[in-house]
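Take a look at the letters that make up each chain.
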Amino acid sequence: MTMAVLDAHWRKCGMSHFLFFQHFSMQPMKGMSTFAFSLMITTHQHAKIRLLLLTGFFLNGIEVKMFTSVTFMHAKVMVVDKGKKTSISSVNFSRTSFTRNREAGVVLSGDCGDVVTFISSVFESDWNEASVYSPTNTYSSSDQKYITNSDHLPVVLPTVHPNPNAYITDVTNVSDVEVTILYTSPDYALSQLNKTIQNVEKSFQLMIYQITDSALCDAIGTMHSNGIDVKLLVSSRIFSENDWKSAQVCYSKLYDDGVTIQKTPSYYEFSHQKFWIIDGKEVHLSTGKVQSIA
């Protein structure tokens, strides 16, 4: 279980926050991002942090493991203080994601016990299968002293300089939210997504990085031919050339069938978000791309 995915009808889950990350900048501090620096400080305040990713956080006593059971560890999930807050998003913890991409995510808080239980079970399962991280990085004595310094230092976010043409979103607090579906890939995400698509009645709005899975591309085309109002907003740039070629095959087919497709503005490095809106009633949020390997 590797790619944590949240599909939700936003109706009832205590106080929740729907976040769009638009030009939220991170600044390197001697090679360390602001987010990484914040984690270091949190560790020095005696918080227990476990990471399923590759980093040098081990220098500060953070438990780090590498998950190698599937192609990629593509999940972007955090559980804070045993579920007081839970985050699921499309955001890689990189400078590009926070400063130059279009990303989307949610922070859930309040009475979300089932969500926390599910996410925690996925993490624990993957954690138990993962290998202990063996560092290959080397650091000078001055860098190591800096990284492991336990003195309290402020975390300062740099000034934001968004593109003047960009739509800037605010952090929006939403209450009375219900999370109805949680699933992971590759366990049963594809079957659940197909089921979701088949139940669309009137409209389907998809904003996603890329579509390269031929079966899902066909399913979207079938929705359109059945009279569903389908609108796709996809990234104008795709990192992998092979993925770009596969996506163009899908987009060309859907365009020829009459599906409305637009590419996001070029001032985003990548439109990396993954969400869709069904019948104007349900918001589904994913960390995964619409491709076979996901």
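Quick caveat: nothing in here was measured; it's all calculated off a predicted structure. Positions within a chain are numbered from 1, following the residues in the order the chain's sequence is written. Since the coordinates come from a predicted model, pLDDT governs what is reported: local features require at least 70, and pairs of side-chain atoms require 80 or more to be given and counted, while whole-chain, interface and lining totals use all residues. Derived side-chain values reflect all non-hydrogen atoms in the structure, with water molecules and hydrogen atoms excluded from consideration.

**Q** Explain the packing of aromatic side chains here, please?
**A** What counts as a ring pair is set by centres within 6.5 Å for rings of Phe, Tyr and Trp (its six-membered ring), and what kind of pair is set by the plane angle: stacked under 30 degrees, edge-to-face over 60, tilted for all other angles. Throughout the structure, instances matching the rule amount to 3 aromatic pairs. Between Phe123 and Trp127, the aromatic rings sit 5.7 Å apart at their centres with planes inclined by 20 degrees, giving stacked as the arrangement. With a gap of 4 residues between them, Phe123 and Trp127 both fall in helix α3 (residues 113-129), about one helical turn apart. Working definition: helices are DSSP H or I runs of at least four residues, strands are E runs of at least two. Numbering for both runs from the N terminus.

**Q** Hey, could you run me through the nonpolar core in this one?
**A** Soluble globular proteins tend to pack their nonpolar side chains together in the buried interior. Judged by nonpolar contacts, the single largest core of 28 residues is most densely connected at Phe204, Leu206, Ile211, Ile220, Met223, Val230 and Leu232. Contributions of two or more residues to this core are made by β10 (178-185), α5 (189-198), β11 (203-208), α6 (214-225), β12 (229-234), α7 (241-256) and β14 (274-278). The contacts of Val230, once residues within four sequence positions are left out, are Phe204, Ile220, Met223, His224, Val259 and Thr260. To qualify as a nonpolar core, a set must consist of buried Ala, Val, Leu, Ile, Met, Phe, Trp, Tyr and Cys residues joined through side-chain atoms within 4.5 Å. Partly exposed residues are those whose accessible area sits between 20% and 50% of the maximum for their type, while under 20% is buried and over 50% is exposed, using a 1.4 Å probe and protein chains only. Grouped together as the second largest cluster of nonpolar side chains are 14 residues, Leu108, Val115, Val179 and Phe275 included. Two residues form a contact once any of their heavy atoms are found within 4.5 Å.

**Q** Could you clarify how one ought to interpret the packing of α6 against α7 in this entry?
**A** The relative placement of two packed helices comes down to the angle between their axes together with the axis-to-axis distance. Viewed as axis vectors pointing N to C, α6 and α7 meet at an angle of 15 degrees, and their least axial separation amounts to 10 Å. With respect to each other, α6 and α7 are oriented roughly parallel. The two elements α6 and α7 meet at a crossing, and its hand is right-handed. Contact with α6, carried on its side by Cys217, Asp218, Ile220 and Gly221, involves Cys250, Lys253 and Leu254 of α7 and no other residues of that element. Under the scheme applied, nonpolar residues are Ala, Val, Leu, Ile, Met, Phe, Trp, Tyr, Cys and Pro; charged residues are Asp, Glu, Lys and Arg; polar residues are all the others, including Gly. Its residues placed into classes, the contact of α6 with α7 shows 4 nonpolar, 1 polar and 2 charged. In this analysis, axes come from line fits to C-alpha atoms, helices being fitted only over the stretch in contact, and the angle between any two N-to-C directions falls in the range 0 to 180 degrees. Under this scheme an angle from 65 to 115 degrees is roughly perpendicular, one under 35 degrees roughly parallel, and one over 145 degrees roughly antiparallel; angles in between are oblique. Handedness of a crossing is defined here by the sense of rotation of the near helix relative to the far one, left-handed for an anticlockwise turn of less than a right angle and right-handed for a clockwise turn.

**Q** Is there a simple way to think about the pairing of β14 in this case?
**A** Successive side chains on a regular strand alternate, one facing one side of the sheet and the next facing the other. Burial analysis of β14 places 4 of its 5 residues in the buried class, which makes it a mostly covered element. Across 5 bridges, the pairing between β11 and β14 is antiparallel. Residue pairing across strands places Ile208 opposite Lys274, the latter belonging to β14. Sheet topology places β14 next to strand β15 (residues 282-285); 4 bridges connect them, and they run antiparallel. Paired with Trp276 across the bridge in β15 is His284. Here, any two strands with at least 2 DSSP bridges between them count as paired. Counting the residues in the hairpin turn of β14 and β15 gives 3 residues, including Asp279, whose phi is positive at 55 degrees.

That's the geometry; what it means functionally is another story.
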